Amino acid sequence: MGIARKMLWGAVAALTLFAHPQVTQARDIEQIGRSAYLEAMKGKKVIFVPISQGFDLNQAWVAVWQRHAERYGFTLEVRDPNMDTNAGIRALQGAISERPDLLIVQNPDVQTYARMLKQAQASGIRVIQVNMQSATQTDSYVGNDWIEMGLLEARELAKACTGPDAPSGKIVWLAGVQTGAANIFMRAGIDQVLAENPELELVSDQPADYDSEKARQITETVLQQHPDLCGIMGIWDNAEVGAGAAVLAAGKQDQVTIVTNGAGSATGCDSIHKGLLDVIYNFNAPIQGEIAAQQISELLQHPEREAGAQKTVFFGPVTRVDKSNASGRNCWKLEDLN
């Protein structure tokens, strides 16, 4: 019994001797690169000039970036022109004059901000463009491959509107803003599918300007002119609900296939379940926001790198959503992101 007790106390003493050096070492351990990363983020200034913060995708991006800013100690300021291009020009000019560490821009079209983005880069400001590109390429673009989106949507209608069971080969393209990058590049993809499927007939190509009421009016008129219409392609799910409403009012929801794309919010899923839309190609704005957050960190960590010296492009994932999977993480809510 005495021997056993001596052995036990000996073991405890040995553990005590070895424990203190281990605690000291743990306190001294620094994860490689962590201090430099935190220092690079802290106190930096990031400005975002959107098209409008009234859009679900913009709200998702800012929710992700604001969480990133609070975690790592940089500031994020949003200068919202609220769909006013002139106000956007002033907001961008003001942002450039403040010389932030990083500028994030959502372009209304390919030309309006092009010269100012060059000016920003020339003055040493790093620039990320999100989802809507300018003619000027900057440090980073994070968003959709819009040509791919055009291919996806047009091929969806090619399946529905060709063959013996199709009501016709007549389809509609509800454009956004015709000078916008998304519109220009989507149309390139659509044209490729039209060339591959000559039985498809594009009977209407009009801009709805991301407005659901305009989309409804255009669709009503087309249905009057072409009662055998087969399909509608759009550029944003929140606008195409207007087209869906017109189709429902005409009693043609079983005839006309409506396909569009969107940020993946719960409102898009609701529109599918209500029968206003058939397919949404979901580019998941929160994931886009996380990719852009990675780019924020990347660019802020390298102040020695000349603005615009390296140009990168990140196309995010796209998920086809219909009634079978319009649920769960394909249908995010803003309150879940904050």
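Refer to the structure presented above.
Since this is a predicted model, take the numbers as computed values, not measurements.

### Describing the sheet that holds strand 5 (residues 140–143)
Logical step 1: Sheet architecture is open: six strands sit in the order 2-1-3-4-5-11, paired in parallel fashion. The strands lining the two open edges of the sheet, one partner per strand, are strand 2 (75–78) and strand 11 (312–315). Neighbouring strand axes in the sheet, compared pairwise and without regard to direction, differ in orientation by 15° on average.
Logical step 2: Running over the sheet, helix 3 (residues 56–72) touches strand 1 (45–49), strand 2, strand 3 (102–105) and strand 4 (126–130) and is turned about 155° from strand 2.

### Topic: the layout of surface pockets
Logical step 1: Considered as a void within the structure, the largest pocket measures approximately 170 Å³ in volume.
Logical step 2: When its residues are assigned to classes, the lining of the largest pocket shows eight nonpolar, three polar and two charged.

### Considering empty space enclosed by the protein
Logical step 1: Inspection of the entire model under this criterion finds two cavities of 30 Å³ or more.
Logical step 2: Of the voids in this model, the largest cavity is the one considered here, and its volume is about 160 Å³.
Logical step 3: Lining the largest cavity are 13 residues; nearest its centre among them are Leu57, Gln106, Met132, Tyr210 and Trp236.
Logical step 4: Of the residues in the lining of the largest cavity, the class split is 10 nonpolar, three polar and no charged.
Logical step 5: Within this model, the second largest cavity holds a volume of roughly 50 Å³.
Logical step 6: Among the elements of the structure, helix 10 (266–273) and strand 10 (279–282) are those that each provide at least two residues to the lining of the second largest cavity.
Logical step 7: When residues in the lining of the second largest cavity are grouped by element, the largest group, three residues, is from helix 10.

### Some points on the state of the cysteines
Logical step 1: For the coordinates displayed, the defined rule picks out two disulfides.
Logical step 2: The partner cysteine of Cys161 in its disulfide is Cys230, sulfur to sulfur 2.1 Å. Taking the torsion about the S-S bond as the criterion, the Cys161 to Cys230 disulfide, at about -95°, is left-handed. One end of the pair, Cys161, is in helix 6 (residues 146–161); the other, Cys230, is in the loop between helix 8 (212–225) and strand 8 (231–234), and 69 residues separate them in sequence. With respect to burial, Cys161 and Cys230 carry one shared label: buried.
Logical step 3: Here Cys269 is linked by a disulfide to Cys331, with a sulfur-sulfur distance of 1.9 Å. Sign of the S-S torsion, about -85° for the bond between Cys269 and Cys331, identifies this disulfide as left-handed. Within this pair, whereas Cys269 is found in helix 10, its partner Cys331 is found in the segment after strand 12 (319–321), the two being separated by 62 residues in sequence.
Logical step 4: Residue classification places Cys269 among the buried residues on the basis of a relative accessible area of 4%.

Criteria and cut-off values
Residues numbered from 1 in each chain as written. Predicted model: local features only at pLDDT ≥ 70, side-chain atom pairs only at ≥ 80, totals over all residues. Heavy atoms only, no water. Pairing = 2+ DSSP bridges. Helix = DSSP H or I, 4+ residues; strand = E, 2+ residues; numbered from the N terminus. Axes fitted to C-alpha atoms, helices over the stretch in contact; angles between N-to-C directions. Contact = heavy atoms within 4.5 Å. 1 Å grid on protein atoms, 1.4 Å probe; cavity = no way out; pocket = protein on both sides within 12 Å on 5 of 7 lines; lining within 4 Å. Points joined across faces, edges and corners; volume = space filled by probe spheres on them. Nonpolar A, V, L, I, M, F, W, Y, C, P; charged D, E, K, R; others polar. Disulfide = S-S within 2.5 Å. Buried < 20%, exposed > 50% of the residue type's maximum accessible area, 1.4 Å probe, protein only.

The analysis is restricted to geometry; functional conclusions fall outside its scope.
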